[in-house]
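Notes for the structure review
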Amino acid sequence: MPKDSSIKSVLIIGSGPIIIGQACEFDYAGSQASKSLREEGIEVTLINSNPATIMTDKVTADHIYLLPLEVKSIIKILNERKIDAVLPTMGGQTALNLAMKCEDQGIWKKHNIKMIGVDTHAIKVTEDRDLFRILMDEIGIPMAPSKIAKSFLEGKSVAQEFGFPLVIRPSFTLGGSGGSVVYEKEQFDGLLNRGLQTSPIHEVLIDKAVLGWKEYELELLRDKNDNVTIICSIENFDPMGVHTGDSITVAPAMTLSDSTYQKMRSMAIKMMRSIGNFSGGCNVQFAVSNDSNEDIIAIEINPRVSRSSALASKATGYPIARIASKLAIGYQLDELINQITKSTSAYFEPTLDYVIVKIPRWNFDKFKGSNRELGFQMKSVGEVMGIGRSFQEALQKACQSLEIKRNGLGADGKEIKDQAELLKALERPSWNRLFMIYDAMKLGISIKTIQKLTRIDMWFLQQIEEMIALENEISKYDLSTLSRDLLYEAKQKGYADRQIAHLLDCLESEVYTKRNELKINRVFKLVDTCAAEFEAKTPYYYSTFEDENESIRSDKKKVVILGSGPNRIGQGIEFDYSCVHGVIAAKEMGYETIMINCNPETVSTDFSTADKLYFEPVFWENIYDIIQHEKPEGVIVQLGGQTALKLAEKLDRYGIKIIGTDFKSLDLAEDRGSFSNLLKENNIPYPRFGVIQDAEEAISLSKELGFPLLVRPSYVLGGQSMKIVINEEELEQHVVKLLNDLPDNKVLLDHFLEGAIEAEADAICDGKDVYIIGIMEHIEPAGIHSGDSYAVLPTFDLSTNVLKQIEDHTKKIAVALKTVGLINIQFAVKDEVVYIIEANPRASRTVPFIAKAYDEPYVNYATKVMLGAKVKDFKFAPKKKGYAIKIPVFSYEKFPEVQKELGPEMKSTGEAIYFIDDLNDEYFQNVYSERNLYLSK
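Everything numeric here is computed off the predicted structure, so don't read it as measured data. (Residues numbered from 1 in each chain as written. Predicted model: local features only at pLDDT ≥ 70, side-chain atom pairs only at ≥ 80, totals over all residues. Heavy atoms only, no water.)

Some thoughts on the overall build of the protein
Selection criterion: Here a strand is any run of E in DSSP of at least two residues, a helix any run of H or I of at least four, and the numbering for each starts at the N terminus. Two things to know: the radius of gyration comes from C-alpha atoms, and the globule rule equals 2.2 Å times the number of residues to the power 0.38. Reported accessibility uses the Shrake-Rupley method at a 1.4 Å probe radius. Residues are deemed covered only where the shown protein chains occlude them. For the purpose of charge, His is not counted, nor are the chain termini; Lys and Arg are scored as positive and Asp and Glu as negative. For this purpose, a charge sits on NZ of Lys, CZ of Arg, CG of Asp or CD of Glu.
From N to C terminus, the protein includes 31 helices and 33 strands. Since a compact globule built from 937 residues should have a radius of gyration of about 30 Å, the 27 Å found for the protein is in line with a globular shape. Here the C-alpha coordinates of the protein stretch approximately 75 × 75 × 65 Å along the principal axes. Surface exposure of the protein reaches about 33,700 Å², of which carbon and sulfur atoms provide 48%. Charged side chains in the protein number 109 positive and 133 negative. The centres of these two groups are separated by 2 Å.

Here it is, written out as structure tokens:
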């Protein structure tokens, strides 16, 4: 049957600012859904408060409302637009909760709006833990023994009945917020109180813990004729007890017998059918006993696009959100086309002839004193995905993607050798348990002991054990005596050249030369959803070491865009926004676009974004081989944050053209000392500074500069390791720590300007002409990282004199740095003098905010400038109206033990945008008064 012809306009509800537990995977889903619906001629209106994402860009939807995700915002939209249906399944828990509030208040009924993609019964029964437990009991789906508690006394009673360990799961929350595993009676009271307070309805489900059982997820789609297909099976490397968002996951499932998988598949379909009669996507989670019985129990079901849906889409090539949105408007699965093959229907279950491994990315270093132990409450801020022909290859590639100063899993000389430390880490999972498992095996701790402590399936541990055995074998040789077969095996298992070089005690470049001489070359395979049964039409590739190469190089002029890797604090979704706009602009300039990235949550890694997608680590060896194969005109590095910029030096050294600002200028801006000298030469004010190499030099320089001092390393993002110190003791301690944490990095001491106001400007420069796209004033005074500050556009109380200085300095610095593309400059204003804090000739985290505030595609313009256009070619026409406020959003609730103090190191996980008509706005006045109070102190 065709689509529902009565639906001509749809409202999509977004997920709001990035927080831990609800990140850019939902922006990817919303962007996919909008694109899918617009293909059908449906007018799409979208509400979201997040300015950093491509989802809220006018290239995505017909009408964008950058408003708070509140009922009154929905009413405003419905009064202005004719909406036929609302799709709330693409915006995570935030969207579902808002849709249910509107339902309860009768808003959808009043405006005659259908809810599509899910129904209210499904939302209620899956979010209310008690209703869900009752329903599962009725349809014969086993669950762990559990009871609902709506008060502290009820919870105590359940604990007495079940005994420990227990699991506390608050109702109507996301990312396991407030959830916990309680091992001991002494922990219970505090964790129960936290769970009850986290739940918006003051309700928790208390489970008898099934710790050590294996955890699985299935991604399902269903159409209006009740046809159901399983898109992907995902297995958690970590057993039950670790939130799935914090667990390493593998697809397809590796250790599940076929009979148990078929049973799980039938249970998932039965569960989806039982919760409601809706067409769309669903995520189901199960636990399986870690014995030969393989008993299955249900954990939960989410009647929406989930965190794992983006991963499953990238893992299989099956665009779940895209298809789910078409099912929501009435299509059947067999009426839709498989987007990869273009010749088969969407009513099929993908077959994988490769393995994917997802590893979460944490930022515990930003939360000093935080509890790093993993449990039922999610704490990771991002993730990476590796694709390989085997689990081992995919695991190594995922580790190489993390950007945690490791070359992969092992073979880098960074092993921990303290047995007691290792045994403790194995028993209680933390962010680095995978590396600890490797280190324990390397030290000689038996695999049986490791399995007993971690409860990780023996198959996974044996895979790591095999890798260590291979390393031990390689270490017996040197480069000249190593056989081709052994080198080939190492490359097939995912080992990087630099890891092999470590084992052979030689240079990475020597390993590269050796494998090329032996014709051990990287080839590229298609992600095709059907294990090569049908021809794939979509150029979505991963690399491996075999004979056949499936990536055919075209004769078109082409450009490579380096992505930003995993989301983390200081480098988030705003850089993916820039990469996507860079792709769009390069296409418009007639280039074939090639995207390299490893983040499964993002729009840049959707196979329909660039002309060619290489889902690979943004890691030198991988990108160099791609460049050698594709032979592009050059590489764009200034859109992908610090991840891409770090590769500029090597690209330059190997003679590969950097499109836009060249390496020398990028390096000059990153080197704090050299940049300050440039300012001095151009008579631009800057705080007194000096560069030091040890603590003794720091103490000596401090006497000249005077306290307080801002201590900061070069070549970092998000204010990493920056600190304001007020005496010699603090200075010495921080400098020693910096030099240990970041060896060979220059350390800069700035005299800190107390009581200064901070401002920043973003601009586009073609090397000669400069256009300033926006000047923002921070509400917080200098000393708070710009990413953690409220920023107001345009400025609200800077004098004409100060603004003139900012404009002059911006233009002078952009030209002096020979900027071609974007530049961001940060200022401290004191006593009507504008001082330069830093300049970054690249895309900044504020560019999307300005673009949304002024409704202009500034990254698009800047990319075209990088590719040869001139600033004067563009007719800039910003739509200025009132003021826009950038509001930082934090995830401190995940770390209640951490002091919520802001400083020069960034801690926010996301941002929202808020528009006001004038400065008398109550919200603005409240925030502004806090600054005045701070300054008065």
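Concerning helix α24 (residues 663-670)
Quick reminder of the rule: Burial status follows relative accessibility: with a 1.4 Å probe on protein chains alone, a residue under 20% of its type maximum counts as buried, one over 50% as exposed, and anything between as partly exposed. It is the directions from the helix axis to the C-beta atoms that the arc portrays. In what follows, residue pairs with any heavy atoms lying within 4.5 Å of each other are defined as contacts.
Here α24 has its buried residues at Phe663, Ser665, Leu666, Ala669 and Glu670. When α24 is viewed along its axis, its buried side chains cluster within an angular range of 165° and face the same direction. Turning to α24, the residues buried within the fold contact α22 (641-645), α23 (648-653), α25 (672-681) and β31 (833-840).

Some points on the packing of helix α6 (residues 129-138) against helix α9 (residues 258-275)
Definition in use: Structural elements are reduced to axes, namely lines fitted to C-alpha atoms, with helices fitted over the stretch in contact, and the angle between N-to-C directions of any two is expressed from 0 to 180 degrees. Roughly parallel here means an angle under 35 degrees, roughly antiparallel means over 145, roughly perpendicular means 65 to 115, and every remaining angle is called oblique. Handedness of a crossing follows from how the near helix is turned relative to the far one, being left-handed for an anticlockwise turn of less than a right angle and right-handed for a clockwise one.
Interhelical geometry of α6 versus α9 gives an angle of 120° and a closest axis separation of 11 Å. Here α6 lies oblique to α9, going by the angle between them. Remark: the crossing between α6 and α9 carries right-handed chirality. In this structure, α6 contributes Phe132, Leu135 and Met136 to the contact, and α9 contributes Met271, Ser274 and Ile275.

As for the environment of arginine 568
Take arginine 568: it is sitting in the loop between β19 (558-562) and α20 (573-588). When neighbours within four sequence positions are excluded, arginine 568 is seen to be in contact with Arg361, Asn363, Val381, Glu403 and Thr643.

What to know about unusual backbone geometry
Negative phi characterises most residues that are not glycine, and trans characterises most peptide bonds. The omega torsion across alanine 251 and proline 252 is -5°, close enough to zero to call that bond cis. Note on placement: proline 252 falls in the loop between β12 (249-251) and α9. The omega angle of the peptide bond from phenylalanine 707 to proline 708 is 0°, so this bond is cis rather than trans. Relative to the assigned elements, proline 708 resides in the loop between α26 (695-705) and β24 (709-713). Residue asparagine 112 is not a glycine yet carries a positive backbone phi of 55°.

Some words on the sheet that holds strand β20 (residues 592-597)
For clarity, the cut-off: Note on pairing: two strands pair once DSSP finds at least 2 bridges between them.
Strand order in the open sheet formed by six strands is β17-β18-β21-β20-β19-β22, and the pairing between neighbours is mixed. At either margin of the open sheet sits one strand with a lone partner, and together these are β17 (523-526) and β22 (634-636). The sheet shows a mean angle of 30° between the axes of neighbouring strands, direction not considered. By the bridge criterion, three bridges tie β19 to β22 in an arrangement that is parallel. Counterpart to valine 559 in the pairing with β22 is glycine 634.

Some thoughts on helix α1 (residues 25-39)
Heads up, the condition is: Multiplying 1.5 Å by the helix residue count minus one yields the expected span of that helix.
With 15 residues, α1 extends 21 Å from end C-alpha to end C-alpha; this agrees with the ideal 21 Å at 1.5 Å per step. Summarising burial for α1: twelve of the 15 residues are buried, a large majority. Every buried residue of α1 is accounted for by Glu25, Phe26, Asp27, Tyr28, Ala29, Gly30, Ser31, Gln32, Ala33, Ser34, Ser36 and Leu37. One or two steps after α1, the chain reaches glycine 41, where phi turns positive at roughly 80°.

Quick notes on the sheet that holds strand β26 (residues 747-751)
Taken in spatial order, the four strands make up an open sheet running β23-β26-β24-β25, and their pairing is antiparallel. Looking at the sheet topology across the chains shown, the edges are occupied by β23 (689-692) and β25 (723-725). Looking at each pair of strands side by side, their axes are set apart by 25° on average, direction ignored. In this structure, β24 lies alongside β26, joined through five bridges in antiparallel fashion. Along β26, the bridge assignment pairs arginine 712 with leucine 748. Contacts between α25 and the sheet are confined to β23, β24 and β26, with β23 contributing the most and set at about 150° to the helix.

Focus on the pairing of strand β1 (residues 9-13)
Keep this limit in mind: By convention a crossover is right-handed if, when the strands point away from the viewer, the path from the first strand over the helix to the second runs clockwise.
For β1, the tally of buried residues reaches five of five residues, placing the bulk of the element in the interior. Residues Ser9, Leu11 and Ile13 line one face of β1 and the alternating positions Val10 and Ile12 line the opposite face, and both faces are buried. Where β1 meets strand β2 (residues 43-47), five bridges bridge the pair, whose relative direction is parallel. Its bridge partner lying in β2, valine 10 is registered against valine 44. Assessed by its sense of winding, the connection that carries the chain from β1 through α1 to β2 is right-handed.

A look at the pattern of salt bridges
Worth spelling out the cut-off: We define a salt bridge as a side-chain nitrogen of Lys or Arg found within 4 Å of a carboxyl oxygen belonging to Asp or Glu.
Scanning the model with the defined rule gives 54 salt bridges in all. One network of salt bridges, with partners in common, ties together Asp353, Arg389, Lys525, Glu546, Glu548 and Glu550.

Remarks on the state of the cysteines
Our working definition: In this description, the term disulfide denotes a pair of cysteine sulfurs within 2.5 Å.
According to the stated counting rule, one finds zero disulfides in the structure shown. We note that cysteine 579 lacks a disulfide partner, and the nearest cysteine sulfur, in cysteine 598, lies 11 Å from it.

A few points about the packing of helix α13 (residues 419-427) against helix α14 (residues 433-443)
To be explicit about the condition: Only Asp, Glu, Lys and Arg are considered charged, only Ala, Val, Leu, Ile, Met, Phe, Trp, Tyr, Cys and Pro nonpolar, and every remaining residue, Gly among them, polar.
At their nearest, the axes of α13 and α14 sit 9 Å apart, and the two run at 135° to each other. Judged by the inter-axis angle, α13 sits oblique to α14. Two packed elements cross with a definite hand, and for α13 against α14 that hand is left-handed. Here Gln419, Glu421, Leu422, Ala425, Leu426 and Glu427 of α13 come into contact with α14, specifically with Arg433, Met436, Ile437, Asp439, Ala440 and Leu443. Partitioning the contact of α13 with α14 into residue classes produces seven nonpolar, one polar and four charged.

Side note on the layout of surface pockets
The condition is simple: A cavity here means a set of points on a 1 Å grid, drawn over the protein atoms and nothing else, where a 1.4 Å probe fits but cannot get out; a pocket is an open set with protein on both sides within 12 Å along at least five of seven lines, and a residue lines either one if it has an atom within 4 Å of a point. Grid points are joined across faces, edges and corners, and a volume is the space filled by probe spheres set on the points.
Looking at the second largest pocket, its volume works out to about 520 Å³. As for the second largest pocket, its lining consists of 25 residues, and the residues nearest its centre are Ile64, Leu66, Lys852, Lys881 and Phe915. Those elements that place two or more of their residues in the lining of the second largest pocket are β3 (63-65), α20, α29 (847-854) and β33 (910-916). Looking at which element gives the most residues to the lining of the second largest pocket, the answer is β33, with four residues.

Brief notes about the environment of lysine 557
Considering the arrangement of structural elements, one finds lysine 557 in the loop between β18 (540-544) and β19. Along the sequence, lysine 557 and glutamate 630 sit 73 residues apart, while their C-alpha atoms lie 9.9 Å from each other. Every residue in contact with lysine 557, bar those within four places of it in the chain, is listed here: Met589, Gly590, Tyr591, Glu592 and Glu633.

Brief notes about the nonpolar core
Going by this rule: Remark: nonpolar core denotes a set of buried residues (Ala, Val, Leu, Ile, Met, Phe, Trp, Tyr, Cys) joined through side-chain atoms within 4.5 Å.
Of all hydrophobic cores here, the largest spans 167 residues; its most connected members are Ile12, Ile359, Leu562, Val637, Leu651, Ile764 and Tyr858. When neighbours within four sequence positions are excluded, leucine 651 is seen to be in contact with Leu562, Trp620, Ile623, Ile627, Val635, Val637, Ile656 and Ile658. If you look at the next biggest cluster of nonpolar residues, it comprises 55 residues, including Leu78, Ala99, Val125 and Leu256.

Observations concerning the pairing of strand β27 (residues 757-766)
Burial runs high along β27: ten of the ten residues are buried. Covered by surrounding structure in β27 are Ile757, Ala759, Ala761, Ala763 and Cys765 together with Glu758, Glu760, Asp762, Ile764 and Asp766, the residues of both alternating faces. Relative to strand β28 (residues 770-781), β27 runs antiparallel, the two being bridged by eight bridges. Note that in β28 the partner of aspartate 762 across the bridge is glycine 774.

Considering the side chain of threonine 661
Which entries qualify depends on this criterion: The term polar contact refers here to a pair of N or O atoms within 3.5 Å; inside protein, the definition further demands a hydrogen-donor-capable atom paired with an acceptor-capable atom, and it admits residues adjacent in sequence only when both atoms are side-chain atoms.
On the secondary structure map, threonine 661 appears in the loop between α23 and α24. Polar side-chain contacts of threonine 661 include one of 2.9 Å to the backbone nitrogen of valine 820. Excluding residues within four positions of it along the chain, threonine 661 makes contact with Gln638, Leu666, Leu817, Lys818, Thr819, Val820, Gly821 and Pro841.

A closer look at the side chain of lysine 852
Mapped onto the elements of the fold, lysine 852 is located in helix α29. The side chain of lysine 852 sits in the buried core without any salt bridge; aspartate 57 is the nearest counter-charge, 4.7 Å away. Setting aside residues up to four positions removed in sequence, lysine 852 forms contacts with Pro51, Thr53, Thr56, Asp57, Leu66, Tyr577, Ile913 and Phe915.

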